[in-house]
Each structure stands twice: as structure tokens, then as C-alpha cells.
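# Breakdown of the fold
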Amino acid sequence: MSALLTVEDLRVRFPTRTGVVEAVRGVSFTLGRERLGIVGESGSGKSQTGRAIMGLTPPHADASAKQLAFDGIDLISAPPKLRRDLRGKRIAMILQDPKYSLNPVMSIGRQIVETLRRHERVSRAEARERALDMLAAVQIRDPARVFDLYPHEVSGGMGQRAMIAMMLVAGPELLIADEPTSALDVTVQLEVLSILDKLVAERGMGLIFVSHDLRLVSSFCDRVLVMYAGRIVEEIAASELANARHPYTQGLLNCMPVIGADRHPLPVLDRKPEWAL
Amino acid sequence: MSLATETRPMTRREWLLSDRPQSRLQARLGRAYMTWRRFSANRLAVLGLLILLGLVFVAAFADLLAPHSPVIGNLASARLLPPGSEGYLLGADDQGRDILSRLIHGSRLTLAVVVLVAIIAAPVGLIVGAVAGYAGGWIDAILMRITDIFLAFPKLVLALAFVAALGPGIENAVIAIAITSWPPYARIARAETLTVRNSDYIAAVRLMGASPARIVFRHVIPMCMSSLIVRVTLDMAGIILTAAGLGFLGLGAQPPLPEWGAMIASGRRFILDQWWVATMPGIAILIVSLGFNLLGDGLRDAFDPRESGQ
Amino acid sequence: MNGRRRARSRKAVAAALQFLVVVATTYLGLLAVTFFIGRVIPIDPVLAVLGDRAPAHVVERTREAMGLNLPLYQQFVIYCRQALSGDFGISVLTTNPVMTDIRRVFPATMELATVGTLIGALIGVPLGVLAAVKRGSIADQIVRVIGLVGYSVPIFWLALLALLVFYARLKWVAYPGRIDIVYEYTFSPITGFYLVDALWQRQWDVLRDVFRHIILPASLLGYFSLAYISRMTRSFMLNELQQEYIVAARAKGLSEARIIWAHALRNAAVPLVTVIALSYAGLLEGSVLTETVFSWPGLGLYITNSLQNADMNAVLGGTIIIGSVFIGINLLSDLLYRTLDPRTRAR
């Protein structure tokens, strides 16, 4: 399997009043058309890794890497125009909370059509048709009605489906899902995940699934990267997770309750400064 | 943590910046020091502060600084002298009075107006807002309705109407401006009060048996002060402009008082040939109100770094 | 479904009612204050109207005609009834009913404030957007200084200087006034908005002349609203540009221009409408000081002239009219806000 994405020694730095903070410190991995999970606590640099791949590092921060290549395209030297053309068309990203990540004053349909018309020369009518198909593909029952709704008029689960439709409508090959279900109700989470699962499988996309939820990631992905303080501390196949060697990964695993087991005392996640070195 | 156990004496800066203040005084001074550091990093704000210190200085020592009398001119030899004439740095007006001396003495009037308006309007707004916010219910509804009614008015026109009824003069101008400028303070004070009203420390004070008046005056109003100070400072510029506008229309300070707005009005007749008579007082107004705006901006950024957008 | 719709419409009715109550009480407050100024503050309102040299029997007759022998609350009821029917009394200065005078001068002020707001918004919004996008840059600093000076400069003084430079020295604009005397008799306005009238009647030379008269005062007023509008635009845009939907728009591959203008500004436009409406109201008020300098025959000049002649009926009538327009503009901006923001849109 040829690599869809190669990341080598990715670093993201934020200048602050008290000095430079490195959020991502030398992350390397390769990705084929597979599902890769990135797990870590908040602040571990997992989201910034995803954003750096998208080229969406905040302007005051600085992202650098020895190599960052998507399908043979060197993203570091790529001009901004090329990166913009790639975004949405070949690499897409799903954000956490549809309440904030959808434009509140634009109807859902228009936001989906906008992605499509940005990347393909299609007529208005055709764009609308494809947006409706896409809404149907994310299992929205009445696409024509939802098309004209505004984000505040739909539920969180519906909003996240609309978000998925908006990001997948131009047919990207790589999808970065940044905590796509964390803001949703537990019952809705599974629905959205199964939709995402189906679409990724049908379209043969590569997926980077960023989450703090190790169990979710392990059930959903083929391979898991565990990040701590901006570094990858462990890379492991999802099926091998039970045999994780790194104490941090084991700590994350131990946080999961097992039915029937005694939960006293509650395990506390251990953090050792030497892991961050 | 290991730092605290060390016996090495703290520098004054460390003492101020300590995240574990030993006394109220230290906490307060530490906060003030942080605010000052944010404030002084803003060069424009410091400039504003310097302008206003300059204004206070000039007003305090006007008698010593002014080279001529502000009201008695030399009609024989100094009438409408251009700027740069000997002894008349900024020129003279149609009565042969030195414009610089009039500006220097006028600073007292300007300062008096802003200070008087501030000490009338700010406490009124503060008390109305704090009481409305703390009491809630129908008291809140009525007080805020009145505030909103005043907010919906055109301020300058209302001030004009008040002065027209009260009669021209600087005292009446101050009253009119004060009447029209308290409502925003009431709004701010109410908003701040609402945020602290239900906090635990207020509940604690209440449990200890403090009376509502004590709670409002000792615990709620101090919390409103910083945003109020910022707002009052920013409003000072507007107050100066309104007062000057009233003076310009002949409704503020009466001749021969050297009020800057009235000076512009009297220089208006000579604008085509003796431009300096009307121009100089305008520059003075511009500088002082710019000073208040710069200072207010800087204070807002210093007190509330979130709001600044910097 | 039906029940929800009914609940929603009941909510809408309640909101409309509350709105009406607010408008009504505000208006009542306005009348109360002007009543207070006109009838309570003066020791003898009759003297304020007639002057102190009127013969005794005239004073007595006027006192009765004004209803001053009635108790104060009855006077107020009568006052409100008259004001609501547009009766603000007779102007001592012009001997016309105040309402007739105001009807004559008001379009001039409206035209000036409208052109001023247009200038302020058309320049101020792009400047504010620029400052927000290039935050911290030289451009941002310049916009900030432009705004600060606009907040700090006395408008009547700047107007005088502008007249000195652009009229007296450079001769770029026409002398103070609204229209050249030459056209005063040949031009018959319909709406009272001279620019519109001249355009409508295809009188190009009149249009040119009117433009040369209005451009300087309108630019000055425009500068003041620009100062306010650019500053608020900057802060609204900064707020919008931090939102997650901007990240999403970037992730879609949209161009920066589209993100700024179609996404961020479209969201910032919701509060901006209120700002622009408020600045329009502010210009109506600012006209009081500008019109005297430019001899602009509008409401501002009318009020200041009346002030100088102690014509209280005219002053208070003008105050009520400007206050009413303020209330109306607040109402309008509220409605606009609702239509622009789908989250508050009544359906």
C-alpha cells in the first residue's frame, strides 16, 4: 500500500508572553488508505497535528516538518493556493461541535453547495442535486427540508451529519476527524460514527481520527497513536491495545470501567515528566 | 513550590507578583502592579496619561504659567496679532488678549467641567445600577426602564433643551451634561452586579448577616469600579466635546470666561483672515479629549485583557 | 406540530406587545422630560413665551390659554395629547406652528445625515475589516488613529477649518448653504431631498450645485460615523474571525477573500446594523452643531436659532422630533437585526 500521507518530525510552536510553547514536538507517521486513531488528553497536541496537516495552523503559530507529503505532493513547499485547492477537495476535516463549526447565518444547503462549487465547475442545479444526494448519504431522511434549514434549527447529531456532508461532498481522499462525536449525546454518537464508518469504507478514504476516547478509537480504527505532551509515546495496532507497553497507554486503558469490576479506589491517570522528554 | 521554602529574600517584584499573597494589601498591590505593567506597555495609553497630567499641571499653575491676563487685553497694540508675535506665542484675539494665556486659564474650566460631571453622574449611575441589579424584581424593572428612556434620548439635544430652560452658564451646562450622561453607568453597574450577585462570596457575606446596603456598598459596588472607571474615562472626551459645543452655541460659559468652545465661537468671525483665533482652542480641545480617549483605551486593555483584542 | 406553532405565534405576539410597551413608555418618558423642561423648570412659562414686557392682560390670557391654571398632571395630559397630534405650539420667532416649520426644515437634515452615514459606512466598514484582518499591522494602527481622532475632535471646529481650506482657499466646494441662490427660485423640490429631486427632474446643473454644497458637511459628518463604524467593525470582525466556522470554511478550501467577506462579515453584519443605525441617529444630533457652521437650513439650525431667541416651543418641538426619530431608528434597527439573524428571525 503506497503512503497517502507521510509526516516526519512535525513541530508546531506557539509564541506566548512567557516564551515559545511547543504543542507538537516531532511527530512522525505514515498513513495509507486506513484508519489511524490519534489519542491523547487535551493539550497533548493531537488536534494541532491534524490542523498542521490541513495547513490550518493559526497564523501566529509556526508549523514545520522534515517532511510532510500528501500523495507525493510536498505540502511544506506547496504555495498557499495549491494547499487551498487541496483542502476540501482532497483533504477534508470534520470539527468537533456543529454548533460552532457551521456558519450560523448560512443555510445548511448553501454551505454544502459552497464546498462543491469551490472545487468543481458545476451548475447551480447540479450542485443542489449533489448536495441533496450527499445529505441523503449521511442518512438525513428529508434532505430537501434540511437543505433550507439554518444550523440552529437542527439537532447536534443532524448538524454533525451536515458537517460530514459538507466536507465529503467534493470527494476527498483523506479525512481528518477532530473529535467528531465528543460534543454529541451518547446515543447520537454511535449513529454518527456508523455513518462516518460506512462512508469511509465505501469511498476508500484514509482517515485520521483524533479523539481523547481510547475505547472509541480502538473500536473504530486500525492503528492507534498515543500522544502525550506533543510526542507520540506509543504506536500500536488497535487489536493489540490490551498489550500496550507504555505506562501512559495502560493508564488510559485502566480508566475504562469494566462491568462488574470493583472501582475502588478510582484509578488516577499517572503523568511522569520523563515521558515528555 | 520549592521556591517558597527557600529563605532567599524576595525582590520587590517577586513579592508583588506572588501567586500566594499573604495579606489583602499584598494582593491588591500585586493586582495593581500587573494592571500597571499591562497599561505601561501600551505607549499610546501612557501618552494619554501624560497629556492629562499636563492638563492638571497647567490648570493648577495657570496663574504662574500664563504670560498675560486671560480677560484683559491690550486693544491698542495686540489686537489680532498672528502667532509667533513677540510675547504672543499663539497670537491674540480681537480684544487683544493673549490666546495662550486664555487657553491656559481655560484648562481650569475644562477640568472643572469633566470632574464635576464625573462626580455627579458616575455615583448616580453606579447606585441606580447596583441597586437595580441587586434588588431585582420590580425595582430593577422600573429603574432600568427609566435608564433606557434616558438612553434613547439624543444627548446633546437634550442637554441643549435643559440649558435653554435653566439659562446659559457653565454650572447649568454641567448639570445638563450630568443629567444626560448617567444612564450608561447604570447599565454597566447593573451588568456587573448581576454577575457578582449570585456568587458564593456574596452568599457568604449574606449568611454572616450583612445588610443589603452593606452588601451593595462594600461588596458589589467595588466590583463595578474598574469597568466604570474605564467607561467614565472614555466618556470624558465626549463630555469635553459636549461642553465645548454648548460653549460654541453660547450656552456654556459666558464671556469673558476663557472657555475653549466659546473661544472658537468668537474666533469664527475672523476665520478667513485671522485663522488662529478659532484654530488654537480647537487644537487644545482635540489634544485633551484625545488624551482621555487614549487613556480610556489603555485602561480598558489593562483592566480587561480579553476585551482589548490585542 | 400545530401546538408548537401556536406556542411560537403566542410568543411572537407577546414579544410584539412587550416591544410596544417599551416604545410607548420611552415616548411617554420623552414627553415627560420635555414637559418638565418647558413647564416645570421655568419659574413662569408665560414669561418664557411672551418675554417680560408683555402687558398684564395678555399674560393672564396666555396663562389660561396654556392651561397653566390647571393642576400639573392635567397639564401633562393635555400636553401629551397635543404633542401626539403634532401640536407643539407656535414658534415665537417665525410665528408659524412649530410643526409646520419642522416639516419644512427636516428633509434637509435627513438628507445630510443620510449622505453622511452612507459615506461613513461605505468607508468605515472596509477600514474596520482591514484593521481586523491585518490586526497589529501599520494599517491597523492607522485606522485606530483615524478613529481616535474622530472621537476626539470638536465637530464644529473641524467644520470651520474645512470651510476655511476647501471653500475659502481651495475653492473646491460651494459656500455655506444648501443650494445656490440662482437656483433657489427655478428649482422646485418635491421630496425635499435635493439630490433626489434634482436627479428625478434631470436638472444636472442643479444636481452639480447641490452636490457641491452637501459634500463638505456630509463628509464631515461621515468622518464622525466612520470613526465609530470602523472601530466597531474591527471588534466584531475580530470576534467572528476567531470562531470555529471560520476554521471550517478554511478547511473547505475557500479563499481568504470569501472567508472574510461572505462568512465573517456576513455574521458581523448582524450587530453592525445596530451600530450603523445608532450612528445615523448620532448624525442627526451632530447636525445641530454642523448646520450652524454650514448655514444648512435644517432642524439643527432651526433649534439653535430658536435657542438664541429663547423660543422654547420650537426648541422642545425639535427635541421631541429628534427624540422620536431616535426611538424610530432604534425600533427599525431591532427589526433589521431580527431579519438579518436567522436565529432571531420570526417565523
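The next subject is the pattern of salt bridges. Residue and element names in this part refer to chain C. Evaluation of the coordinates by the stated rule reveals 37 salt bridges over all chains. Where Glu-256 meets Arg-250, a salt bridge forms, and the shortest distance between an N and an O atom there is 2.7 Å. Taking relative accessible area as the criterion, Glu-256 reaches 34% and is therefore assigned partly exposed. In this structure Arg-250 comes out as partly exposed when scored by relative accessible area, which is 23%.

Another point: the interface of chain B and chain C. Many authors give the size of an interface as the accessible area that is lost as the parts come together. Of the residues lining the interface, 44 residues belong to chain B; the matching set on chain C comes to 44 residues. Both faces combined, the contact of chain B with chain C buries some 4,000 Å², and carbon together with sulfur accounts for 72% of it. At the junction of chain B with chain C, the criterion picks out 2 salt bridges. For the salt bridge of B:Asp297 with C:Arg144, the shortest nitrogen-to-oxygen distance reads 3.5 Å. Where chain B meets chain C, there are 14 residue pairs in polar contact (both at pLDDT 80 or more). Looking at the side of chain B that touches chain C, the elements with two or more residues in it are α7 (137-151), α8 (155-166), α12 (212-248) and α14 (276-303) of chain B.

Core analysis: the biggest nonpolar cluster contains 155 residues, and C:Ile37, C:Phe156 and C:Leu299 have the highest contact counts within it. By residue number, the principal contributor to this core is α12(B), which donates 18 residues. Apart from the residues lying within four places of it in its own chain, the contact partners of C:Leu299 are C:Ile102, C:Val105, C:Phe106, C:Thr109, C:Glu291, C:Gly318, C:Ile321 and C:Ile322. Counting 94 residues, the second-largest nonpolar core is a separate cluster that includes A:Leu4, A:Ile108, A:Leu174 and A:Trp275.

Looking at chain A, pLDDT values average 88 and 95% of them are 70 or higher. Confidence scores differ between elements of chain A, with helix α10 (residues 247-254) of chain A showing the lowest mean pLDDT of 79 and helix α4 (residues 108-119) of chain A the highest of 95.

Further remarks concern the packing of aromatic side chains. Scanning the entire structure with this criterion turns up 12 aromatic pairs over all chains. Ring geometry for C:Phe187 versus C:Tyr194: centroids 5.5 Å apart, planes at 85°, classification edge-to-face. Across the pair, C:Tyr194 and C:Phe187 agree in class, each one buried. An aromatic cluster is defined as three or more aromatic residues linked by ring pairs; in this entry it consists of C:Phe35, C:Phe76 and C:Tyr79. When the ring centre of A:Phe147 is taken as origin, the NZ or CZ atom of A:Arg128, which lies over that ring, is 4.4 Å away. Lying over the aromatic face of C:Phe19, C:Arg338 brings its terminal NZ or CZ to 5.9 Å of the ring centre.

Quick look at the interface of chain C and chain A now. Tallying the contact residues gives 21 residues for chain C and 27 residues for chain A. Of the roughly 2,100 Å² buried between chain C and chain A on both sides combined, carbon and sulfur atoms contribute 58%. Our count for the contact surface shared by chain C and chain A stands at 3 salt bridges. A salt bridge links A:Glu114 to C:Lys252; the nearest nitrogen and oxygen atoms lie 2.8 Å apart. On inspection of chain C and its partner chain A, the count reaches 13 residue pairs in polar contact (both at pLDDT 80 or more). Mapped onto the side of chain C that touches chain A, the elements with two or more residues apiece are α11 (244-251) and α12 (256-294) of chain C. If one sorts the elements of the side of chain C that touches chain A by residue count, α11(C) sits on top with 6 residues. Looking at side-chain class alone, the side of chain C that touches chain A contains 8 nonpolar, 4 polar and 9 charged residues.

Okay, a nonpolar patch on the surface next. All names here are of chain B. Taken together, the side chains of Ile-127, Val-131, Trp-138, Ile-139, Ile-142, Ile-146 and Phe-217 define a hydrophobic patch exposed on the protein surface, amounting to about 660 Å² of accessible area. When residues of the nonpolar patch are traced back to their parent elements, those giving at least two are α6 (99-135) and α7. Top element by residues in the nonpolar patch is α7. It accounts for 4 residues. Looking at the secondary structure, you find Phe-217 in helix α12.

How each quantity is defined
- Residues numbered from 1 in each chain as written.
- Chains lettered and ligands numbered in written order.
- Predicted model: local features only at pLDDT ≥ 70, side-chain atom pairs only at ≥ 80, totals over all residues.
- Heavy atoms only, no water.
- Salt bridge = Lys/Arg side-chain N within 4 Å of Asp/Glu carboxyl O.
- Buried < 20%, exposed > 50% of the residue type's maximum accessible area, 1.4 Å probe, protein only.
- Contact = heavy atoms within 4.5 Å.
- Buried area = accessible area lost by both parts, 1.4 Å probe.
- Polar contact = N/O pair within 3.5 Å; in protein donor to acceptor, adjacent residues only side chain to side chain.
- Helix = DSSP H or I, 4+ residues; strand = E, 2+ residues; numbered from the N terminus.
- Core = buried A, V, L, I, M, F, W, Y, C linked by side-chain atoms within 4.5 Å.
- pLDDT = per-residue confidence, 0-100.
- Phe/Tyr/Trp six-rings, centres within 6.5 Å; stacked < 30°, edge-to-face > 60°.
- Lys NZ or Arg CZ within 6 Å of the ring centre and 35° of its normal.
- Nonpolar A, V, L, I, M, F, W, Y, C, P; charged D, E, K, R; others polar.
- Patch = residues over 30% accessible without salt bridge, like charges linked within 9 Å, V, L, I, M, F, W, Y side chains within 5 Å.
- Areas by Shrake-Rupley, 256 points an atom, 1.4 Å probe, with all protein chains shown as cover.

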